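If you want the building blocks of each chain, they are given just below.
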Amino acid sequence: YSRRGTIAGRAVSGLFNFTRRQEEQAGLDAVLLNRQFDRHNFKIVRRVNIRTLDAFGYSLIDSTKLPRTMLQKAGNTLHIKTTRSRIRQVLLFRPGQPLEPQALAESERLLRQTPEILDARVLVNEATTTRDSVDIEVLTTDIFSITAGVELGSATSGLITFGDDNFLGQGHQFENAYRYGRSLSTNNNEKPQQWSYEGSYTAPFRHFVYGQARYRNEYNYRSGSVSLRRDFYSLSARYAGAISYNTYNQNVALMAPLDGQPYIYYPLRYSVQDAWVGRALRLRSYDMGYENPGRMIVAARVLHTTYTA
């Protein structure tokens, strides 16, 4: 159907890829894939060449594949490619430093796990490799990060969403959801808020630190929060933790009123401070050739709630 010359056929051809994946050039078994570059461990990283590709029409398996349809080209025009500085934030190696074991495979996995990247390859340039130094090639393809939607409940109600998983190519993420015409009503001539909004903004920083701000506003409920977090992103991560500050402002009805009487609301306002820190401890390896991948994690948490009303 996608080979037809009609508008619908071209649209299907532009949206879907029916080409069967070919074998990787390395041709290695999946179990051995993580160890294919072990011979380069502890060599000095000389250069890191980063190449980012647009969201539509490109493939890391077939370098000759290019955008063909008008839909693919239009999508790439709207799309902002991930910046090289964002890619460098995720890599576990730096120029001028020794290449740690599994740094290549772990960097490739971390790139694929980011919301803004669809696929990634982290390879050693064997043509320029010497006995004591390596050049590394990093190839990535993006996703089309802009999301939007409209959900109609009726002629006067619905939900509007808009977001971006890779704002300006920096890996920043924001989400917005606005609901209108909620048809909230009471039997005592009250005028409840007929709309609600919920949004968030997340920004990545160096060393796998993420900052986030959230806000929610609906009838008799307001909340906001800011947080910083760092997860155990890899076996090489020794420390992780998070700190957050949350505020809540609610109006609570403790009981239903009599018929014709208004609700009596009581304020409930409080804040929550939450912090935790963890340490990953390496386990002993009884195989001199390989490191034990297991970790013992010790963590502590402090949770503090303060009520003001």
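Let me begin by describing the structure that accompanies this report.

Here the focus is the pairing of strand E7 (residues 196–205). Here is the key point about a regular strand: its side chains alternate between the two faces of the sheet. Relative to E7, strand E6 (residues 172–180) is paired through seven bridges, and the arrangement is antiparallel. Following the sheet pairing, Arg179 is matched in E7 by Ser196. Here nine bridges tie E7 to strand E8 (residues 209–218), and the two strands are oriented antiparallel to one another. Each bridged residue has a counterpart across the sheet, and for Ser200 the counterpart in E8 is Arg214.

This next bit is on the sheet that holds strand E2 (residues 117–124). One open sheet accounts for three strands, arranged E1-E3-E2; its pairing is mixed. With one partner strand each, in any of the chains shown, strand E1 (44–53) and E2 form the two edges of the open sheet. Geometrically, the sheet is characterised by an average inter-axis angle of 15° between neighbouring strands, direction not taken into account. Taken together, the seven bridges between E2 and strand E3 (residues 133–142) define a ladder with antiparallel strand orientation.

In this section: the packing of aromatic side chains. Under the criterion given, the structure shown has 11 aromatic pairs. Relative to Tyr233, the ring of Phe208 has its centre 3.8 Å away and its plane inclined at 15°; by these criteria the two rings are stacked. Residue Phe208 is found in the loop between E7 and E8, and its partner Tyr233 is found in the loop between strand E9 (221–230) and strand E10 (239–253); the two are separated by 25 residues along the sequence. For the pair Phe208 and Tyr233, one class covers both residues: buried.

What follows concerns empty space enclosed by the protein. The probe, sized like a water molecule, is rolled over the atoms to show the empty space still left. For the coordinates displayed, the defined rule picks out one cavity of 30 Å³ or more. Of the voids in this model, the largest cavity is the one considered here, and its volume is about 30 Å³. A per-element tally of the lining of the largest cavity places helix H3 (residues 84–90) first, with three residues. Taken together, the residues that form the lining of the largest cavity break down as four nonpolar, one polar and one charged.

Next up on the list: unusual backbone geometry. The phi torsion at Phe42 lies on the positive side, around 70°, for a residue other than glycine. Counting through the fold element by element, Phe42 comes out in the loop between helix H1 (7–15) and E1. Residue Phe42 is classed as exposed on the basis of its relative accessible area, which comes to 53%. Even without glycine at this site, Ser183 takes up a positive phi of about 60°. Within the secondary structure, Ser183 sits in the loop between E6 and E7.

There is a patch of nonpolar side chains on the surface, built from Val150, Leu152, Ile160, Tyr178 and Trp195 and spanning about 490 Å² of accessible area. Overall, the relative accessible area of 34% leaves Tyr178 in the partly exposed class.

For an α-helix, 3.6 residues make a turn, and residues three or four places apart therefore share a direction. For H1, the complete set of buried residues consists of Gly9, Ser13 and Gly14. Buried positions in H1, seen along its axis, are confined to an arc of 135° and lie on one side of it. Facing away from the buried surface of H1 by more than 90 degrees, the exposed residues are Ile7 and Leu15. Where H1 is buried, its residues touch helix H2 (70–78).

A few words now on the sheet that holds E6. Spatial ordering of the open sheet is given by E4-E5-E6-E7-E8-E9-E10-E11-E12, a layout of nine strands whose pairing is antiparallel. Of all strands in the sheet, those bounded by a partner on one side alone are strand E4 (146–154) and strand E12 (295–307). Across the sheet, the mean angle from the axis of one strand to that of its neighbour is 5°, orientation sign disregarded. Of the strand pairs in this sheet, E10 and strand E11 (residues 265–282) are connected by 15 bridges, and their pairing is antiparallel. Considered in E11, the bridge of Tyr245 is made with Gln273.

Core analysis: the biggest nonpolar cluster contains 22 residues, and Phe93, Leu99, Leu104, Leu111, Ile136 and Val138 have the highest contact counts within it. Within the residue set of this core, elements represented by two or more residues are E1, H3, helix H4 (103–113), E2 and E3. Leu99 has contacts with His40, Asn41, Phe42, Lys43, Val45, Phe93, Leu104, Val134 and Ile136, leaving out every residue within four places of it along the chain.

So, about the pattern of salt bridges. As enumerated under the stated definition, the model contains 12 salt bridges in all. Note that Arg112 and Asp119 form a salt bridge whose closest N and O atoms lie 3.2 Å from each other. Note on Arg112: relative accessible area 37%, which makes it partly exposed. Glu198 is the partner of Arg214 in a salt bridge, and the nearest nitrogen-oxygen pair spans 3.4 Å. Here Glu198 lies in strand E7 and Arg214 lies in strand E8, a separation of 16 residues in the sequence. Each of Glu108, Arg112, Asp119 and Arg121 takes part in salt bridges that share partners, so that together they form one network.

Conventions we followed
- Residues numbered from 1 in each chain as written.
- Predicted model: local features only at pLDDT ≥ 70, side-chain atom pairs only at ≥ 80, totals over all residues.
- Heavy atoms only, no water.
- Pairing = 2+ DSSP bridges.
- Helix = DSSP H or I, 4+ residues; strand = E, 2+ residues; numbered from the N terminus.
- Axes fitted to C-alpha atoms, helices over the stretch in contact; angles between N-to-C directions.
- Phe/Tyr/Trp six-rings, centres within 6.5 Å; stacked < 30°, edge-to-face > 60°.
- Buried < 20%, exposed > 50% of the residue type's maximum accessible area, 1.4 Å probe, protein only.
- 1 Å grid on protein atoms, 1.4 Å probe; cavity = no way out; pocket = protein on both sides within 12 Å on 5 of 7 lines; lining within 4 Å.
- Points joined across faces, edges and corners; volume = space filled by probe spheres on them.
- Nonpolar A, V, L, I, M, F, W, Y, C, P; charged D, E, K, R; others polar.
- Patch = residues over 30% accessible without salt bridge, like charges linked within 9 Å, V, L, I, M, F, W, Y side chains within 5 Å.
- Areas by Shrake-Rupley, 256 points an atom, 1.4 Å probe, with all protein chains shown as cover.
- Salt bridge = Lys/Arg side-chain N within 4 Å of Asp/Glu carboxyl O.
- Arc of directions from axis to C-beta.
- Contact = heavy atoms within 4.5 Å.
- Core = buried A, V, L, I, M, F, W, Y, C linked by side-chain atoms within 4.5 Å.

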